[in-house]
Amino acid sequence: MSAPAPAPVVETAAGDFPLLECRLAVGGREWTVLHTGAVVTVADEAKYFADLAGRLPYGVVLWPAAIALAHEVATRPAEFRGRTVLELGAGTGLPGIVAASLGARVVQTDRQAGAMQVCRLNGERNGATAVEYLLADWAFWDNTGRYDWVIGSDILYGEEFHPHLRRIFETNLAPGGRVLVADPFRAPSLKLLEALESDGWRVGFAKWTVGEAGEPRAVGVFELKPPDKVGGPGG
């Protein structure tokens, strides 16, 4: 990851916040990502929640789970090409942008207006054209679309959100669809994954390491298949 460079100031209903730019190598190409700060290590995360959480919207921070999910998506071009993708809690939008570059038709959602603005900016900067942007809250979800993939990075952290996420997984997946979520092995997240597995969902995962060599961050990318729906999207 290169050193951040100055980028636009985004104006939202919550106020203005400056954006930084970084360049990431994912899937054999370089991506330009605008964000309010990169929170990669455990120390970075502790500092963010202690000092910055009230001033910088968490949705436009570049989190390690988003980087790991983008890498995982990039390894599956045949599985995303021509498919429909719903990204939950899109934040800076990197995983969905990578999916769109593979030929997927992507809907990116977030409940923060600032995050949706940054998603759109990042999509434009990276040439992602097959992307739709929707402001949406999981607790008041009214999207009735069906998708081959539902993806999200670091979205399982709050147990109060688990019933809403389960409902979205169960109602918005197309037949044969799958969920792909990245998480740095947070305890509340593992509770939901274990509950889904006990209810018949098939859960597999790949492990990615994000960050500099001195303080790497382990992130799991979990693939979830609903009960009795074990085929791939469209199959």
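Details of the structure are given in the entry above.
To start, this report covers the structure provided alongside it. No experiment lies behind these values; they were computed from the predicted model shown.

## So, the overall build of the protein
- The secondary structure content of the protein amounts to seven helices and ten strands.
- Taken across its 235 residues, the protein has 52% of its residues classed as buried.
- Counting only contacts in the protein whose residues sit at least 6 apart along the sequence, the fraction spanning at least 24 positions is 67%.

## Structural notes on the sheet that holds strand S9 (residues 202–210)
- Spatially, seven strands are ordered S6-S5-S4-S7-S8-S10-S9 in an open sheet, and the strand pairing comes out mixed. Where the open sheet ends on each side, the last strands, each with one partner, are strand S6 (131–135) and S9. Averaged over all pairs of adjacent strands, the angle between their axes in this sheet comes to 20°, without regard to strand direction.
- Here strand S4 (residues 84–88) pairs with strand S7 (residues 147–153) via four bridges, running parallel. Residue pairing in the sheet places valine 85 in a bridge with tryptophan 149 of S7.
- Helix-sheet contacts for helix H7 (residues 187–198) involve strand S8 (173–183), S9 and strand S10 (217–225), and the interaxial angle to S10 is about 25°.

## Focus: the packing of aromatic side chains
- Applying the stated criterion to the full structure yields seven aromatic pairs.
- Ring centres of tryptophan 138 and phenylalanine 161 lie 5.5 Å apart, and the angle between their planes is 85°; this geometry places the pair in the edge-to-face category. With a gap of 23 residues between them, tryptophan 138 in the loop between S6 and S7 and phenylalanine 161 in the loop between S7 and helix H6 (162–172) connect regions that are remote in the sequence. By the burial criterion, tryptophan 138 is buried, and phenylalanine 161 matches it.
- Note on tyrosine 157 and phenylalanine 161: the rings are 5.8 Å apart at their centroids and 80° apart in plane angle, and the pair reads as edge-to-face.
- Members of the aromatic cluster, joined through ring pairs, are Trp138, Tyr157 and Phe161.
- Note that arginine 29 overlies the ring of tryptophan 31, its terminal NZ or CZ placed 3.7 Å from the centroid.

## Regarding the packing of helix H2 (residues 64–74) against helix H4 (residues 94–101)
- Between H2 and H4, the least distance of the axes is 8 Å, while the angle of their chain directions is 15°. Of the possible angle classes, the one that applies to H2 and H4 is roughly parallel. For the pair H2 and H4, the sense of crossing is right-handed. Within the contact between the two elements, H2 uses Ala66, Ile67, Leu69, Ala70, Val73 and Ala74 and H4 uses Leu94, Pro95, Val98 and Ala99.
- Classifying every residue of the contact of H2 with H4 gives ten nonpolar, no polar and no charged.

## Structural notes on the pattern of salt bridges
- Taken as a whole and assessed by the stated rule, the structure comprises twelve salt bridges.
- In this structure, glutamate 159 engages lysine 191 in a salt bridge whose closest nitrogen and oxygen atoms are separated by 3.3 Å. On the criterion of sequence distance, the pair formed by glutamate 159 in the loop between S7 and H6 and lysine 191 in helix H7 is long-range, its members being 32 residues apart.
- Of the residues examined, glutamate 159 reaches a relative accessible area of 43% and is grouped as partly exposed.

Definitions and cut-offs
Residues numbered from 1 in each chain as written. Predicted model: local features only at pLDDT ≥ 70, side-chain atom pairs only at ≥ 80, totals over all residues. Heavy atoms only, no water. Helix = DSSP H or I, 4+ residues; strand = E, 2+ residues; numbered from the N terminus. Buried < 20%, exposed > 50% of the residue type's maximum accessible area, 1.4 Å probe, protein only. Contact = heavy atoms within 4.5 Å. Pairing = 2+ DSSP bridges. Axes fitted to C-alpha atoms, helices over the stretch in contact; angles between N-to-C directions. Phe/Tyr/Trp six-rings, centres within 6.5 Å; stacked < 30°, edge-to-face > 60°. Lys NZ or Arg CZ within 6 Å of the ring centre and 35° of its normal. Parallel < 35°, antiparallel > 145°, perpendicular 65-115°, else oblique. Left-handed = near helix turned anticlockwise from the far one by under 90°. Nonpolar A, V, L, I, M, F, W, Y, C, P; charged D, E, K, R; others polar. Salt bridge = Lys/Arg side-chain N within 4 Å of Asp/Glu carboxyl O.

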